Amino acid sequence: MTSHSPSARARARARRLRTPRGEFAVVDVPPAAGVTVRGVALLLPGYTGSKEDFALVHEPLAARGYRTVAVDGRGQYESDGPADDESAYAQDELARDVLAQASAVGAPVHLVGHSFGGQIARAAVLLDRSPFRSLTLVSSGPARISVSQEQRVKLLRDALAVMSMAECWEAILAMGPPEEVGGPARGPVGQEHLRSRWLHTKPAQLLAVGRQLCAEPDRVAELAAVPLPFHVLSGARDDTWPVPDLDEMALRLRAHRTVVDGAEHSPAADRPAPTARALADFWDGLAATP
């Protein structure tokens, strides 16, 4: 890339997104200079994650003409929220946050939710589909998480009941749990960022979201009744929701389906180039459909 064409990282703007439901920390990346503007995407991270989990897909999506806005949800990393009030993180509350974010970004937007972010994205669409052009569920399954990951979440909840966030961080490192559920999400950032993200996330958010992940009902039939284009994207392997379950969900939704070879639960971090290409191809295809 020449000096006349700055990278997405150079053009990225970390800012506060003001909405009627409060301010949210976002990374906002415009389309690359000189390309046709194709649309806007709102990107929601998963449990224990943050907006930085999408860092490696901004540039390829900008090159395809898409503005991307990755957001920290309420109580997640750099977005504020109550430390002790779990009711603030009820699924309906978080879904209404997403509707407000979409409006503030400039609806209609392509909505992308990773893991738990996908379940919140689904809840937002079920509340009101009008701000969205499409919904992509990334490594986000039809209902509750796998039994093995439920056990991780319950361990974390038990630890948070008796330990500080700093003490929990040390225990997580010692336990070495898989990414995303029960420990720090793996992403394109270093260990110090992961530690900072963990320490700045509100305990009530982790507790409330953990409970939701272990109890989420199957709402695929409800979602399938919504007249919106759907895309189910995952890695070839996933410990949080088995890939065959994601395949079946895609069939029930009549969704476009992408499996990213060589990726696991975090395709945007594991294989950003093919993940971004799959997203842009799906969105481009919608624009080409009457």
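Below: a short report on this structure. Please read all numbers here as calculations on a predicted model, not as lab measurements. (Residues numbered from 1 in each chain as written. Predicted model: local features only at pLDDT ≥ 70, side-chain atom pairs only at ≥ 80, totals over all residues. Heavy atoms only, no water.)

A word on the pattern of salt bridges
Turning to step 1, where the next piece is worked out: The full count for this structure, using the stated rule, is 26 salt bridges.
Turning to step 2, where the next piece is worked out: Between E23 and R16 there is a salt bridge whose closest N-O contact spans 3.7 Å.
Turning to step 3, where the next piece is worked out: Overall, R16 belongs to the partly exposed group, its relative accessible area being 38%.
Turning to step 4, where the next piece is worked out: Where R38 meets D284, a salt bridge forms, and the shortest distance between an N and an O atom there is 3.7 Å. (Salt bridge = Lys/Arg side-chain N within 4 Å of Asp/Glu carboxyl O. Buried < 20%, exposed > 50% of the residue type's maximum accessible area, 1.4 Å probe, protein only.)

Considering unusual backbone geometry
Turning to step 1, where the next piece is worked out: Residue P108 follows A107 across a cis peptide bond; omega there is 5°.
Turning to step 2, where the next piece is worked out: Looking at the secondary structure, you find P108 in the loop between α3 (91-105) and β5 (109-114).
Turning to step 3, where the next piece is worked out: The backbone of T48 sits at a positive phi, close to 65°, despite the residue not being glycine.
Turning to step 4, where the next piece is worked out: Mapped onto the elements, T48 comes out in the loop between β3 (39-44) and α2 (58-63). (Helix = DSSP H or I, 4+ residues; strand = E, 2+ residues; numbered from the N terminus.)

Regarding the environment of A104
Turning to step 1, where the next piece is worked out: Along the polypeptide, A104 turns up in helix α3.
Turning to step 2, where the next piece is worked out: Taking the relative accessible area as the measure of exposure, A104 reaches 32% and is therefore partly exposed.
Turning to step 3, where the next piece is worked out: Setting aside residues no more than four positions away along its own chain, A104 makes contact with L17, R18 and T19. (Contact = heavy atoms within 4.5 Å.)

Observations concerning the environment of E93
Turning to step 1, where the next piece is worked out: Turning to its location among the elements, E93 is positioned in helix α3.
Turning to step 2, where the next piece is worked out: Taking the relative accessible area as the measure of exposure, E93 reaches 28% and is therefore partly exposed.
Turning to step 3, where the next piece is worked out: For the pair E93 and I145, spaced 52 residues apart in the sequence, the C-alpha separation amounts to 21 Å.
Turning to step 4, where the next piece is worked out: In this structure, E93 is in contact with R21, R74, S87 and A88, ignoring residues within four places of it in sequence.
Turning to step 5, where the next piece is worked out: A distance of 2.7 Å separates polar atoms of two side chains, one belonging to E93 and the other to R21. (Polar contact = N/O pair within 3.5 Å; in protein donor to acceptor, adjacent residues only side chain to side chain.)

Structural measurements only, silent on function.
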